Amino acid sequence: MSSTKTEKKAINALENYLEDSDMIDSKIASNDKEMSWDGNLYVYSQEDMAKENYICRIPVQVKGRTMDDFKSDYSFPIETPDLKAYLTEGTLYFVIQVTPHGKRVFYRELYPLTINRILKGHRNQKSISVKIRELAMPIQEFEQFLIRFSHDCKKQVSAVVGNAKPFKIEDMQKRNIRKFNFTAPQQSNPLMLFSYLSTHPTFIYGELQEGVEWPIGDMPVTMNFSKDIQQPVKVGERTYFDGFHAEIKGECLNISVGGVMEFSYNVQTNEFEKTVHFHQRATTLKSAIQEAEFVLDLMEHQQINVGEVSLNVLPNSQEMGDYYRERLPHWRDLARALEKVGYYGDLDIDKVTDADAKTINILIDTMLKANYYDLKDVDSGLVNLEFLGLNLLVWVVRQSDKKCMIGNAFDGTVQLQCQPTEGVFVPATIYSYLSSLFKWESCDNIDFGGMIAAYNALQKDSHLVYEMANVDVLEMIKAADRLTLDKPKAQQLLDAAMRLAKWLEEKDSDSESHYAYILNQLQIRKRRGNLSADDKKVLNGLLIDTSVLPFVKAGAALLLENKDMFEVLYAQIPDEEKEIFDKFPINKWRN
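In every chain, residue numbers begin from 1 and rise along the written sequence. This being a predicted model, a pLDDT of at least 70 is required before a residue's local features are given, and a value of 80 or more before pairs of side-chain atoms are given or counted; all residues contribute to the totals for chains, interfaces and linings. The side-chain numbers reported here are obtained from all heavy atoms of the structure, hydrogens and water having been left aside.

Examining the sheet that holds strand S20 (residues 309-312)
Piece 1. Spatially, four strands are ordered S13-S12-S19-S20 in an open sheet, and the strand pairing comes out antiparallel. Two strands lie at the open edges of the sheet, namely strand S13 (238-241) and S20, each paired on one side alone. Going from strand to strand, the sheet's axes swing by 30 degrees on average, the running direction of each strand aside.
Piece 2. The pairing criterion is simple: DSSP has to find at least two bridges between the two strands. The helix count covers DSSP runs of H or I at least four residues long, the strand count covers runs of E at least two residues long, and both are numbered beginning at the N terminus. Judged from the three bridges that link them, strand S12 (residues 233-235) and S13 form a sheet pairing that is antiparallel. Bridged to valine 235 within S13 is arginine 238.
Piece 3. Relative to the sheet, helix H7 (residues 285-301) contacts S12, S13 and strand S19 (303-306), its axis offset from that of S13 by approximately 125 degrees. For helices, the axis comes from a line fit to the C-alpha atoms of the stretch in contact; other axes are also lines fit to C-alpha atoms, and the angle between any two N-to-C directions lies between 0 and 180 degrees. In this description, contact between two residues means that some pair of their heavy atoms is separated by no more than 4.5 Å.

Here is the structure:
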């Protein structure tokens with residue numbers, strides 16, 4: 001087929017597409033000899049196409065290509081001089097594939113910014129291969145597209161012709177520019193506008209001053225509109241979530257509640273989708289219980305209140321309902337059993353081994369149902385119960401029939417003793433047991449709130465009680481220092497150590513250890529941040545007080561980071577006490 005005939009067929013195919021429009025007047029010449037263009041498309045606001053209704057003119061170039069079959073993934077070589085000519089106003093470039101099976105119209109909108117990007121690094125080539133795509137939009141949508149194309153081209157010409165670079169978002173922030181513009185079809189409500197911008201690549205412009213716009217980037221972008229909305233999500237009278245996530249995708253406003261449930265609102269029809277979709281997201285015990293209760297409650301009520309909107313919904317998965325009905329009682333029992341042994345945190349239940357499941361069943365049966373178990377190789381006493389990453393300290397009582405009962409080690413059932421000297425036994429708290437076996441950081445069910453009460457109960461043996469309590473303070477500080485990867489627990493230990501150190505300062509105010517209790521409080525404060533001016537005043541007071549023991553003064557010098565003073569004071573500590581001092585956590589600042 002001759003090139004002249006192919007060209008004519010190409011223009012006829014394009015005209016056939018355009019003839020259904022009452023707003024587009026095409027002026028395209030066959031075998032046109034005009035440099036770089038074949039004609040123009042004129043767009044009007046009314047069917048009469050009168051001058052007063054004229055909107056814009058779009059320069060066009062039309063090419064025809066004879067092919068054996070259609071190619072959807074298609075690139076076309078455009079001559080570089082033509083691309084340079086298009087920079088001044090932009091051009092709509094058409095390529096019509098002519099095959100034995102018919103004709104298809106392909107196109108590429110060549111905005112000035114797009115052309116500049118295509119030319120980058122290729123300006124000296126004879127031609128540049130440019131990706132094109134099939135023209136599949138309805139004619140009414142194409143009419144609106146032409147108007148937007150014209151507007152964008154006019155906004156971009158000054159930046160391209162002046163050889164200036166488009167701004168980046170960072171540039172707009174530096175200039176404190178807060179107003180951004182874009183070209184989009186007029187919509188009846190904001191949601192429909194957001195829907196359009198989320199599906200149609202759009203150029204963004206920053207408004208430098210009134211009437212002066214500058215492009216941001218050299219490519220159109222598809223925008224994402226999403227927001228976390230802080231409004232309660234209720235089923236019946238119960239609030240399950242404090243907020244929800246809203247995101248516009250295409251024609252739908254998608255609502256996600258807790259990552260568990262999703263439903264959609266169609267911005268075109270103004271209707272909510274009645275069928276909701278559930279997802280199993282929970283990997284921890286507390287979230288699994290909440291998720292199960294939420295889903296089962298929703299299945300029963302078939303109504304949900306999201307913010308101020310009340311919706312009737314139809315859950316889509318009976319299987320998920322059955323799944324939660326089967327597991328929820330077991331999850332609740334596990335949560336109650338954990339509370340019985342003093343653990344109130346969350347628990348990762350994503351990967352439960354057979355050994356974990358067995359331990360969990362033992363815990364539930366003994367703590368909630370008072371059943372006895374034969375725990376092989378376990379004698380009466382304190383035992384660490386380990387499963388799913390938890391380490392729980394419990395007491396075990398073995399009966400004559402070898403069956404065992406389990407309880408919370410911190411419930412007061414266990415009476416402990418320590419042996420300060422040969423043949424002398426005195427009562428001790430469960431907390432001294434933690435210190436003696438270095439379990440402060442590994443034990444997950446420590447009752448920090450019961451610590452002071454436990455020591456108050458032993459206060460009749462005050463001298464030894466205060467010594468044991470001070471050891472606990474120091475061991476908690478050491479444990480906190482070791483917990484470099486678990487900041488919350490380290491902070492919990494420091495808080496408990498601070499409370500116990502203050503209790504010691506109050507109860508044992510007349511002893512020579514009184515200053516050590518103050519020093520311990522100050523080293524805890526230093527671990528939390530910088531010491532205050534008042535703290536440093538107290539430390540300097542310890543240094544000059546003749547009644548303060550040398551090891552306390554040496555510690556004060558360390559907290560003040562006075563290394564020279566520390567060396568002098570450390571030398572005054574008796575040799576037999578230096579070994580003890582060297583194990584104190586205050587040596588953190590020694591090196």
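A short note on a negative patch on the surface
Piece 1. Taken together, the side chains of Glu19, Asp20, Asp22, Glu47, Asp48 and Glu52 define an acidic patch exposed on the protein surface.
Piece 2. Assignment of secondary structure puts aspartate 48 in the loop between strand S2 (39-44) and strand S3 (54-66).
Piece 3. For aspartate 48, a relative accessible area of 54% puts it in the exposed group. A patch is a set of surface residues, each over 30% in relative accessible area and not in a salt bridge, joined within 9 Å for like charges and within 5 Å for the nonpolar side chains Val, Leu, Ile, Met, Phe, Trp and Tyr. Reported accessibility uses the Shrake-Rupley method at a 1.4 Å probe radius. Residues are deemed covered only where the shown protein chains occlude them. Between Lys or Arg on one side and Asp or Glu on the other, a salt bridge is scored when a side-chain nitrogen of the former is within 4 Å of a carboxyl oxygen of the latter. Two residue types count as positive, namely Lys and Arg, and two as negative, namely Asp and Glu; His and chain ends fall outside the count. For this purpose, a charge sits on NZ of Lys, CZ of Arg, CG of Asp or CD of Glu. Relative accessible area decides the class of each residue, using a 1.4 Å probe on protein chains only: under 20% of the type maximum gives buried, over 50% gives exposed, and in between gives partly exposed.

With respect to the pattern of salt bridges
Piece 1. Scanning all chains against the criterion turns up 22 salt bridges.
Piece 2. The closest approach of N and O atoms between lysine 131 and aspartate 73, which form a salt bridge, is 2.2 Å. With lysine 131 in strand S7 (residues 127-134) and aspartate 73 in the loop between S3 and strand S4 (74-79), this residue pair connects regions lying 58 residues apart in the sequence.
Piece 3. For lysine 131, a relative accessible area of 43% puts it in the partly exposed group.
Piece 4. By sharing partners, the salt bridges in this structure join Arg238, Glu293 and Arg332 into a single network.

Regarding the side chain of histidine 514
Piece 1. Mapped onto the fold, histidine 514 is located in helix H14 (residues 514-528).
Piece 2. Those residues in contact with histidine 514, other than ones at most four positions away along the chain, are Glu505, Asp508 and Ser509.

Some thoughts on the nonpolar core
Piece 1. The criterion is simple. A nonpolar core is a set of buried Ala, Val, Leu, Ile, Met, Phe, Trp, Tyr and Cys residues joined through side-chain atoms within 4.5 Å. Residues Phe294, Ile304 and Leu338 are the most contacted members of the largest nonpolar core, which totals 59 residues.
Piece 2. No other element matches H7, which puts nine residues into this core.
Piece 3. Discounting residues that sit within four places of it in the chain, isoleucine 304 has contacts with Val233, Lys234, Val235, Met261, Phe294, Leu298, Val309, Ser310, Leu311 and Val313.
Piece 4. In terms of nonpolar packing, the next biggest core, distinct from the first, is built from 53 residues, Ile11, Val62, Val98 and Ile118 among them.

A word on the sheet that holds strand S1 (residues 24-28)
Piece 1. Strand order in this open sheet of seven strands is S1-S2-S3-S5-S6-S7-S4, and the pairing throughout is mixed. Strands at the two margins of the open sheet, each flanked by one partner only, are S1 and S4. The sheet shows a mean angle of 35 degrees between the axes of neighbouring strands, taken without regard to direction.
Piece 2. In the packing of helix H3 (residues 112-119) onto the sheet, contacts are made with strand S6 (102-110) and S7, and the angle to S6 comes to roughly 90 degrees.
Piece 3. Its contacts with the sheet put helix H4 (residues 139-161) on S1, S2, S3, strand S5 (91-99) and S6, and the angle it makes with S3 is roughly 110 degrees.

A short note on unusual backbone geometry
Piece 1. If you check the backbone angles, asparagine 176 has positive phi at about 55 degrees while not being a glycine.
Piece 2. Within the secondary structure, asparagine 176 is located in the loop between helix H5 (169-174) and strand S8 (180-182).
Piece 3. The backbone of alanine 370 sits at a positive phi, close to 55 degrees, despite the residue not being glycine.
Piece 4. Among the structural elements, alanine 370 can be located in the loop between helix H9 (354-368) and strand S22 (381-387).
Piece 5. Overall, alanine 370 belongs to the partly exposed group, its relative accessible area being 48%.

So, the packing of aromatic side chains
Piece 1. Ring geometry is summarised as follows: Phe, Tyr and Trp rings, the Trp one being its six-membered ring, pair when their centres sit within 6.5 Å, and such pairs are stacked at plane angles under 30 degrees, edge-to-face over 60 and tilted between the two. Going through the model one piece at a time under the given rule, you end up with 31 aromatic pairs.
Piece 2. Aromatic side chains phenylalanine 241 and phenylalanine 294 sit 5.2 Å apart centroid to centroid with 85 degrees between the ring planes, which places their arrangement in the edge-to-face category. Of this pair, phenylalanine 241 sits in strand S13 while phenylalanine 294 sits in helix H7, and the two are 53 residues apart along the sequence.
Piece 3. With a relative accessible area of 11%, phenylalanine 241 lands in the buried category.
Piece 4. We classify phenylalanine 294 as buried; its relative accessible area is 0%.
Piece 5. Between tyrosine 570 and phenylalanine 581, the aromatic rings sit 5.9 Å apart at their centres with planes inclined by 55 degrees, giving tilted as the arrangement. Placement of tyrosine 570 in helix H17 (residues 563-571) and of phenylalanine 581 in helix H18 (residues 575-581) is noted, with a sequence separation of eleven residues between them. Like tyrosine 570, the residue phenylalanine 581 is buried in the burial classification.
Piece 6. Pairwise contacts between aromatic rings join Tyr17, Tyr107, Tyr111, Phe142, Phe145, Phe149 and Phe203 into one cluster.
Piece 7. In this analysis the charged atom, NZ for Lys or CZ for Arg, is taken to sit over a ring once it is within 6 Å of the ring centre and within 35 degrees of the ring normal. In this arrangement the basic side chain of arginine 104 is found over the ring face of phenylalanine 70, its NZ or CZ atom lying 4.1 Å from the centre.
Piece 8. Its end group placed over the ring of tyrosine 570, arginine 590 keeps NZ or CZ at 4.3 Å from the ring centre.

A closer look at helix H13 (residues 487-507)
Piece 1. The span you would expect from a helix comes to 1.5 Å times its residue count less one. With 21 residues, H13 extends 30 Å between its outermost C-alpha atoms, agreeing within 8% with the 30 Å of an ideal straight helix rising 1.5 Å per residue.
Piece 2. The complete set of buried residues in H13 reads Lys489, Ala490, Leu493, Leu494, Ala496, Ala497, Met498, Leu500, Ala501, Trp503 and Leu504.
Piece 3. One side-chain oxygen of the residue at the start of H13 lies 3.3 Å from the amide nitrogen of lysine 489, identifying that residue as aspartate 486. The term polar contact refers here to a pair of N or O atoms within 3.5 Å; inside protein, the definition further demands a hydrogen-donor-capable atom paired with an acceptor-capable atom, and it admits residues adjacent in sequence only when both atoms are side-chain atoms.

Focus: the packing of helix H15 (residues 533-544) against helix H16 (residues 550-559)
Piece 1. Where H15 contacts H16, the axes come no closer than 9 Å and their chain directions differ by 145 degrees. Considering the relative orientation of H15 and H16, their crossing is left-handed. Contacts between H15 and H16 involve Leu539, Leu542 and Leu543 from the former and Val552, Lys553, Ala556, Ala557 and Leu559 from the latter.
Piece 2. Residues are grouped as follows: Ala, Val, Leu, Ile, Met, Phe, Trp, Tyr, Cys and Pro are nonpolar; Asp, Glu, Lys and Arg are charged; every other residue, Gly included, is polar. Class assignment of the residues belonging to the contact of H15 with H16 gives a composition of seven nonpolar, no polar and one charged. Throughout, a crossing is termed right-handed when the near helix is turned clockwise from the far one, and left-handed when it is turned anticlockwise from it by less than a right angle.

Brief notes about the environment of lysine 274
Piece 1. Counting through the fold element by element, lysine 274 comes out in the loop between strand S17 (271-272) and strand S18 (275-278).
Piece 2. Residue classification places lysine 274 among the exposed positions, given a relative accessible area of 57%.
Piece 3. Along the chain, lysine 274 and lysine 249 lie 25 residues apart, while their C-alpha atoms are 18 Å from each other.

Examining the environment of leucine 119
Piece 1. Following the sequence through the fold, leucine 119 ends up in helix H3.
Piece 2. Take leucine 119: its relative accessible area is 0%, and that puts it in the buried class.
Piece 3. Taking the C-alpha atoms as reference points, leucine 119 and glutamate 308, separated by 189 residues in sequence, lie 53 Å from one another.
Piece 4. With near-sequence residues (within four places) excluded, leucine 119 lies in contact with Thr80, Leu83, Lys84, Leu87 and Ile128.

Re the side chain of lysine 489
Piece 1. Of note, lysine 489 is situated in helix H13.
Piece 2. When near neighbours in sequence (up to four residues on either side) are disregarded, lysine 489 contacts Trp440, Glu441, Ser442, Cys443, Asp444 and Leu483.

Quick word on the pairing of strand S9 (residues 202-209)
Piece 1. Where burial is concerned, most of S9 is hidden: six out of the eight residues are buried.
Piece 2. For S8 and S9, the ladder comprises three bridges, and the chain directions are antiparallel. When the bridges of S9 are listed, asparagine 181 appears paired with tyrosine 205.
Piece 3. Alignment of S9 against strand S10 (residues 212-221), held across six bridges, turns out to be antiparallel. In the strand pairing of S10, glutamine 209 is matched with valine 212.
Piece 4. In this structure, the hairpin formed by S9 and S10 is closed by a connection of two residues, where glycine 211 is found at a positive phi of approximately 85 degrees.

These values are about where atoms sit, not about what they do.
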